[in-house]
Amino acid sequence: MAASLFLLLAVILAFTAGTGSWIIVATVVLATAAGTRLPDLDAPLRLGHRSALLHSILPLLVALLDPRTGAVAAGLGFGIGLHLAADLFPRTMRGFATIKLPLWGSIGMFPSYLWIALNGAANIVGGFVVLERIAARQVVAGALAGIGVLGTAYLMRTDGGWGAMALMLLIGWLIFR
């Protein structure tokens, strides 16, 4: 429910509030909050837990269909990327935890890890690319600061979040050392 509300607010801002710096930051952060929970809408939508449709880059790509929703797409990319990073660290990767393709079912343990890792990385990279194309450097920095606070809070309280945070810190250290 929270994902739907945050996504609705982000889309309303994108469509009605203009392109000011704080509007872009607020839209990206709201969409990131939505993205952290959006993949879990697969159960209420009867798609099966860990549906490939929502545990992928598809929501980001759908948001890019309208040129006004670039900030929403960027935020969804970051949020879903955070969610998928946490999904890389389940208690066990079988049954409930594996990715399910529509009309096919579970793709198994190893392909699920690969799917989650590739789509998580694609979402985060896609979020960066879109954000840098739609916003000035200072706006990008503000949005990334908000995403950093939100992402840390999300990962600290979700299953698999501590492992995901350690992985992201390691990747960040390797990139910026």
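Residues numbered from 1 in each chain as written. Predicted model: local features only at pLDDT ≥ 70, side-chain atom pairs only at ≥ 80, totals over all residues. Heavy atoms only, no water.

Let us look at the environment of V72. Along the polypeptide, V72 turns up in helix 4 (residues 70–87). Judged by relative accessible area, V72 falls into the buried class, the value being 2%. For the pair V72 and A86, spaced 14 residues apart in sequence, the C-alpha to C-alpha distance is 21 Å. Look past the residues within four positions of V72 in its chain and what remains in contact with it is L7, A10, V11, A14, T27, A31 and A63. (Helix = DSSP H or I, 4+ residues; strand = E, 2+ residues; numbered from the N terminus. Buried < 20%, exposed > 50% of the residue type's maximum accessible area, 1.4 Å probe, protein only. Contact = heavy atoms within 4.5 Å.)

Let's shift gears to the layout of surface pockets. What the largest pocket holds in volume is close to 810 Å³. Around the largest pocket, the lining comprises 27 residues; the ones closest to its centre are L82, I124, F128, M168 and I171. Of all elements in the fold, only helix 4, helix 5 (109–134), helix 6 (137–157) and helix 7 (161–176) reach the threshold of two or more residues within the lining of the largest pocket. For the lining of the largest pocket, the leading source of residues is helix 7, giving eight residues. (1 Å grid on protein atoms, 1.4 Å probe; cavity = no way out; pocket = protein on both sides within 12 Å on 5 of 7 lines; lining within 4 Å. Points joined across faces, edges and corners; volume = space filled by probe spheres on them.)

On to the packing of helix 6 against helix 7, then. In the contact formed by helix 6 and helix 7, the axes pass within 6 Å of each other and the chain directions differ by 135°. Taken as axis vectors, helix 6 and helix 7 run oblique relative to one another. Contacts between helix 6 and helix 7 involve T152, L155 and M156 from the first element and G161, W162, A164, M165 and M168 from the second. Split into classes, the residues belonging to the contact of helix 6 with helix 7 amount to six nonpolar, two polar and no charged. (Axes fitted to C-alpha atoms, helices over the stretch in contact; angles between N-to-C directions. Parallel < 35°, antiparallel > 145°, perpendicular 65-115°, else oblique. Nonpolar A, V, L, I, M, F, W, Y, C, P; charged D, E, K, R; others polar.)

Time to look at unusual backbone geometry. For L103, which is not glycine, the phi dihedral falls at a positive 65°. Here L103 shows up in the loop between strand 1 (100–101) and strand 2 (105–106).

What follows concerns the pattern of salt bridges. Under the criterion given, the structure shown has two salt bridges. Of the charged contacts, one joins R50 and D87 as a salt bridge, the two residues approaching to 3.1 Å between their closest N and O atoms. Taken as a pair, R50 in the loop between helix 2 (21–37) and helix 3 (58–63) and D87 in helix 4 lie far apart in primary sequence, 37 residues in all. In this structure, R50 and D87 share a single accessibility class: buried. The residue D66 makes a salt bridge to R68 at a minimum N-O spacing of 2.8 Å. D66 sits in the partly exposed class, given a relative accessible area of 22%. A relative accessible area of 49% places R68 in the partly exposed class. (Salt bridge = Lys/Arg side-chain N within 4 Å of Asp/Glu carboxyl O.)

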